[in-house]
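# Working through the structure, step by step
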Amino acid sequence: MHKLSIKQLSEGLRGKQFSSRELTEFYLGRIARYEPSLNSLITTTAERALAQADAADALLAAGQGGALTGVPLIQKDIFCTSGVRTSCASKMLDKFIAPYDATIVEKLDAAGMVMLGKANMDEFAMGSSNETSWYGAVKNPWDLERVPGGSSGGSVAAVAAGLAPVATATDTGGSIRQPAALTNLTGIKPTYGRVSRYGMIAFASSLDQAGVVARSAEDAAVVLQQMSGFDPRDSTSVDRPVEDYVAALGNSIKGLRIGLPKEYFAEGLAPSSRERIEQAIEVFKKLGATFSEVSLPNSPLSVPTYYVVAPAEASSNLSRFDGVRYGHRSETARTLEEVYKRSRGEGFGAEVQRRIMIGTYVLSHGYYDAYYLQAQKVRRLIYDDFKRAFESVDLLLGPTATDVAFKLGSNVDDPVAMYLNDIYTIAANLAGIPAMSLSCGFVDGLPVGMQLMGNFFDESRMLNAAHQYQQATDFHLQLPKGFE
């Protein structure tokens, strides 16, 4: 059953080929069998899942429910889930039980989906390899000695290994797309403001956006449809109608204008990955798409810009974790000052502390104008680059990552090398545009991903192009050895 699409699972449930309880028990069985080798989950919610499955079965028996009723999923452990630990993969929140549900949890629960558990991740979503988690590194099912990418590494590892058909994820600088590329999945980051951030623990509020990882664009579309929409509880949520992503999947892409950013195909991209992307371009051409070269001249500045803006916002957002109100509190502290220092020193990992320090520095008196203000000006230039590009093309296409998944531990001691893993993905977050990654082949048995970027609120066109490509290829259907 783990090879079935969400559409096939929904048809099977409605056709009484199997029940939601049977489907849930099947996936819980796969979790029990494979999870020890992956470390993709922080919490498994078997009891809750079976109760939700029974409720879904009752709805289906009454002829009610929708396309997602009874379908299992995994939630990234950055989304608050009432009565269930929400840790953000940090010691700071190891004992935190959320008193309410995030909006997307509410929406997917209302759709009748069944939550199997909470996915591992980089601590507070800070990382590109899922090695900063307090609960340990996640392994890539395509090669257990390699990283799955980050920060949504647990979400992608679980879906790639067939522990769930779909998982939620978040993307601050590429944390949906980069891990999706390294694990042969489809991952989409919608336009900033398209999906509510209410109940999502904040890292960098002007960059964070919730999305989804699945095997195919079709699966991603049906879940994103349910997740999207205006939320009055989120001040950054956009009050704009949501297009029918699923209905648009079957449209022809003949005449679709796709731009190739020349900066994305310069030095730094692995030759083997470039070759797979060039082969994908030929498939798109056969489907009727046209290509032209475009320029995003300020894109090389996206990494330094991001690593000023994001840490600055993280420094502000994470100040709430002080050992007083909630979260980890040091047992050795004797004074108020010690409570602050020791609780944060013990509760936050090295990467989180590094980014808080950077953020505090760039916001400090005497450096704000030199760093933070300049970074915001460059951010606007990056936005303007995309705005000009979309005057002549409908979508942009390029690599998602510089190469295939790297070995566990290979970049841990080199923060700059780790940060450069997101060199192709960060610009979309700085501009706020939608972007997604999908598989375009393999190199030495490891997946290669390509990235599509669209204009604001143009998720349907992006998903349509990805779906048409996947109808003409079968890369996304292949499973890692040992998890078939």
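Our subject is the structure listed above.
As a starting point, this report considers the structure included with it. (Residues numbered from 1 in each chain as written. Predicted model: local features only at pLDDT ≥ 70, side-chain atom pairs only at ≥ 80, totals over all residues. Heavy atoms only, no water.)

Scanning the protein for helices and strands turns up 15 helices and eleven strands. By the compact-globule yardstick of 23 Å for 484 residues, the protein fits well, its C-alpha radius of gyration being 21 Å. Each of the three principal axes of the protein carries a C-alpha extent, and together these read 65 × 55 × 45 Å. A total of 484 residues make up the protein; the buried ones form 61% of that total. For the protein, the proportion of contacts with a sequence separation of at least 24, taken over those separated by at least 6, is 76%. Entry remark: accessible area of the protein is about 17800 Å², with carbon and sulfur atoms responsible for 52%. (Helix = DSSP H or I, 4+ residues; strand = E, 2+ residues; numbered from the N terminus. Rg over C-alpha atoms; globule rule 2.2 N^0.38 Å. Buried < 20%, exposed > 50% of the residue type's maximum accessible area, 1.4 Å probe, protein only. Contact = heavy atoms within 4.5 Å. Areas by Shrake-Rupley, 256 points an atom, 1.4 Å probe, with all protein chains shown as cover.)

Sheet topology places strand β7 (residues 257-261) next to strand β8 (residues 290-294); five bridges connect them, and they run parallel. Bridging across to β8, L260 finds its partner in E293. For the crossover that starts at β7, traverses helix α8 (residues 271-286) and ends in the parallel β8, the hand is right-handed. (Pairing = 2+ DSSP bridges. Right-handed = clockwise from strand over helix to strand, strands pointing away.)

Here we take up the pattern of salt bridges. Throughout the structure, instances matching the rule amount to 23 salt bridges. The partner of R257 in a salt bridge is D394, and the shortest N-O contact between them spans 3.0 Å. Remark: D394 occurs in the loop between α12 (368-389) and β9 (395-399) and R257 occurs in strand β7; sequence separation between them is 137 residues. Since its relative accessible area comes to 12%, D394 is described here as buried. The salt bridge partner of E351 is R355, with a shortest N-O separation of 2.7 Å. Of the two residues, E351 and R355 both sit in helix α11 (residues 350-363), four residues apart, roughly one turn of that helix. R355 matches E351 in its accessibility class, with the two residues each being buried. (Salt bridge = Lys/Arg side-chain N within 4 Å of Asp/Glu carboxyl O.)

Here we take up empty space enclosed by the protein. Throughout the structure, instances matching the rule amount to three cavities of 30 Å³ or more. There is about 50 Å³ of room inside the largest cavity. Taken together, the residues of the lining of the largest cavity sort by class into five nonpolar, four polar and two charged. (1 Å grid on protein atoms, 1.4 Å probe; cavity = no way out; pocket = protein on both sides within 12 Å on 5 of 7 lines; lining within 4 Å. Points joined across faces, edges and corners; volume = space filled by probe spheres on them. Nonpolar A, V, L, I, M, F, W, Y, C, P; charged D, E, K, R; others polar.)

Counting 139 residues, the largest nonpolar core has F124, F386 and L463 as its most contacted members. If sequence neighbours within four positions are ignored, L463 has contacts with I188, A217, A220, A221, L224, Y245, L249 and M436. Grouped together as the second largest cluster of nonpolar side chains are six residues, V147, A405, F406 and M418 included. (Core = buried A, V, L, I, M, F, W, Y, C linked by side-chain atoms within 4.5 Å.)

With that settled, the discussion passes to the packing of helix α7 (residues 217-227) against helix α15 (residues 459-472). Their axes nearest at 8 Å, the elements α7 and α15 cross at an angle of 155 degrees. On the basis of their axis angle, the class for α7 and α15 is roughly antiparallel. Of the residues in α15, those touching α7 at A217, E218, A220, A221 and L224 are E459, L463, A466, H467 and Q470. Counted by class, the contact of α7 with α15 contains six nonpolar, two polar and two charged residues. (Axes fitted to C-alpha atoms, helices over the stretch in contact; angles between N-to-C directions. Parallel < 35°, antiparallel > 145°, perpendicular 65-115°, else oblique.)

Those residues of helix α4 (residues 103-110) lying buried are T103, I104, V105, K107 and L108. Considering only its buried residues, α4 is in contact with α3 (46-61), β2 (72-76), β4 (166-171) and α7. Just past α4, the residue G112 takes up positive phi, approximately 90 degrees.

Where α4 contacts α7, the axes come no closer than 8 Å and their chain directions differ by 115 degrees. As the angle between them shows, α4 and α7 are arranged roughly perpendicular. Like other packed secondary-structure pairs, α4 and α7 cross with a definite hand, here right-handed. Where α4 abuts α7, its residues I104, K107 and L108 lie against V223, Q226 and M227. Each residue belonging to the contact of α4 with α7 can be placed in one class, and the counts come to four nonpolar, one polar and one charged. (Left-handed = near helix turned anticlockwise from the far one by under 90°.)

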